[in-house]
Amino acid sequence: MTRKLLIDTDTASDDAVALIMALREPEVDVVAITVVSGNVPVDLGVRNALYTVELCGAATPVFRGSEAPLLRPIYHSWAFHGRDGLGNMNYPAPASEPAPGDAVDALIDAVRANPGITLVTLGPLTNVALALQRAPEIAQRVERCVVMGGVACTVGNITPAAEFNIWCDPDAARAVFHSGMPVEMVGWELSRFAAALDPDDIARIRALGTPLADFALDCNRITLEAHERLTGARALDLPDPVAMAVALEPEICTRRRSHYVDVETESDLTRGMVVIDALDSGDQADDWPEGGPLISRTTKIGVCWRIDAAAFKRRLVSALS
Ligand code: BDR
Ligand code: CA
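Residues numbered from 1 in each chain as written. Chains lettered and ligands numbered in written order. Predicted model: local features only at pLDDT ≥ 70, side-chain atom pairs only at ≥ 80, totals over all residues. Heavy atoms only, no water.

Peer 1: I'd like a rundown of the pairing of strand β9 (residues 300-307), residues and numbers included.
Peer 2: Pairing geometry for strand β6 (residues 183-186) and β9, over 3 bridges, is parallel. Bridge pairing in β9 places M185 opposite V303. Two elements, strand β7 (residues 253-263) and β9, share 7 bridges in a ladder whose sense is antiparallel. Directly across from S258, in β9, lies its bridge partner G302. (Pairing = 2+ DSSP bridges. Helix = DSSP H or I, 4+ residues; strand = E, 2+ residues; numbered from the N terminus.)

What follows is the structure, encoded as structure tokens:
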């Protein structure tokens, strides 16, 4: 049976690879791509999404969404993705135009029209939070909302405490995490170490010799440098493709648990930090220090703690072949 997917993205280099993985998946129908400000300004994200859709020979509608986070100043990630968001490769302009209408309305319409749809979010959660503000009932109509965002109890990539997507719009992330939507968080750390493409993996992908394989590597060339600068590892981390792999093949997440989770929105030091009650202390109500547990106990969300990195890489290679 064909599964319906909606992808919300701030389309830059690793987003583009994740889009390819979904668009090339035979059993999946990507009903819409909605674009949000994040890695790049929203119009550039739309252009990059359209370009990627065309490269896949698809005709998925691409909707323009929020230009700025709910409450915070706009921030873009030029150093990680280049001035075009695609590794400064100067790809030609896409021939197609964005779909008419606003991404937030498109997201609401798509969920209403396709109960049981899977949402995959690859950028800040602004569009999804706005959709939930306008139509809170959509939270119950989504079967899964796979979120590339946060880090689970470890160091972040934009600050020591936070991962980029959540840091960009922590207020939106908090609203989505508490909305009752069945969120599955796939943190940045899962794309590091064994899941990051090492020089052998990169050579194997280059040897595929397909336009998609070349595009995936070329548009990520600045990300490769940035990852090495940040972590010291000569490897390409692909957080959005990892999240997409978990969305397409849930078994790629080999350890998944539900926990109370909250997002820091007040401190400057830890802005956008995802605080996970990993020991489920919120369920042990007896021994609270005065004032009770500080973590919100509104709702639990799924946290992916571990992935099968080899299975992720196999799926990636197959999408680019
Ligand atoms: C996330 O931030 C962006 O740079 C990537 O596209 C990914 O969505 C990783 O922190
Ligand atoms: Ca992204």
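Peer 1: Break down the sheet that holds strand β5 (residues 142-148) for me, with residues and values.
Peer 2: Pairing is mixed across the open sheet formed by 9 strands, whose spatial order is β3-β2-β1-β4-β5-β6-β9-β7-β8. Looking along the sheet, the strands with just one partner apiece sit at the ends: β3 (62-64) and β8 (274-276). Across the sheet, the mean angle separating the axes of adjacent strands is 30° when strand polarity is ignored. Two strands pair when backbone bridges link them, and β7 and β8 are joined in this way by 3 bridges, in the antiparallel orientation. Within β8, the position partnered with V263 by the bridge is V274. Most of the contacts of helix α1 (residues 13-23) go to strand β1 (residues 3-9), to which it runs at about 170°, and overall it touches β1 and β2 (28-35). Set on the sheet, helix α11 (residues 239-248) makes contact with β1, β2, β4 (117-121), β5, β6, β7 and β9; between it and β5 the angle comes to about 160°. (Axes fitted to C-alpha atoms, helices over the stretch in contact; angles between N-to-C directions. Contact = heavy atoms within 4.5 Å.)

Peer 1: Can you tell me about the coordination of the calcium ion (ligand 2), naming the residues and giving the values?
Peer 2: Distances from the calcium ion (ligand 2) to its protein donors, D10 (OD), D15 (OD), D15 (OD), L122 (O) and D240 (OD), fall within 2.2 to 2.6 Å. We note that the donor set of the calcium ion (ligand 2) lies within a single chain, spaced as D-x4-D-x106-L-x117-D. Residue D15 is found in helix α1, and its partner L122 is found in the loop between β4 and α5 (126-134); the two are separated by 107 residues along the sequence. Note on D15: relative accessible area 0%, which makes it buried. Under the relative-accessibility criterion, L122 is labelled buried at 1%. (Donors = N, O, S within 2.8 Å, 3.2 Å for Na, K, Ca; no water. Buried < 20%, exposed > 50% of the residue type's maximum accessible area, 1.4 Å probe, protein only.)

Peer 1: Any chance you could break down the packing of aromatic side chains for me, citing the residues and the numbers?
Peer 2: Within the structure shown, the criterion is met by 5 aromatic pairs. Consider the rings of Y75 and F164, whose centres lie 6.3 Å apart with planes at 50°: the pair is tilted. Taken together, the residues span a long stretch of sequence, with Y75 in the loop between β3 and α3 (78-81) and F164 in helix α6 (residues 164-168) at a distance of 89 residues. The partly exposed category is assigned to Y75, whose relative accessible area is 38%. By relative accessible area, which is 6% here, F164 ends up buried. These aromatic residues form a ring-pair network of at least three members: Y51, Y91 and F215. A cation over an aromatic ring shows up here: R83 above the ring of W78, its NZ or CZ 4.0 Å from the ring centre. (Phe/Tyr/Trp six-rings, centres within 6.5 Å; stacked < 30°, edge-to-face > 60°. Lys NZ or Arg CZ within 6 Å of the ring centre and 35° of its normal.)

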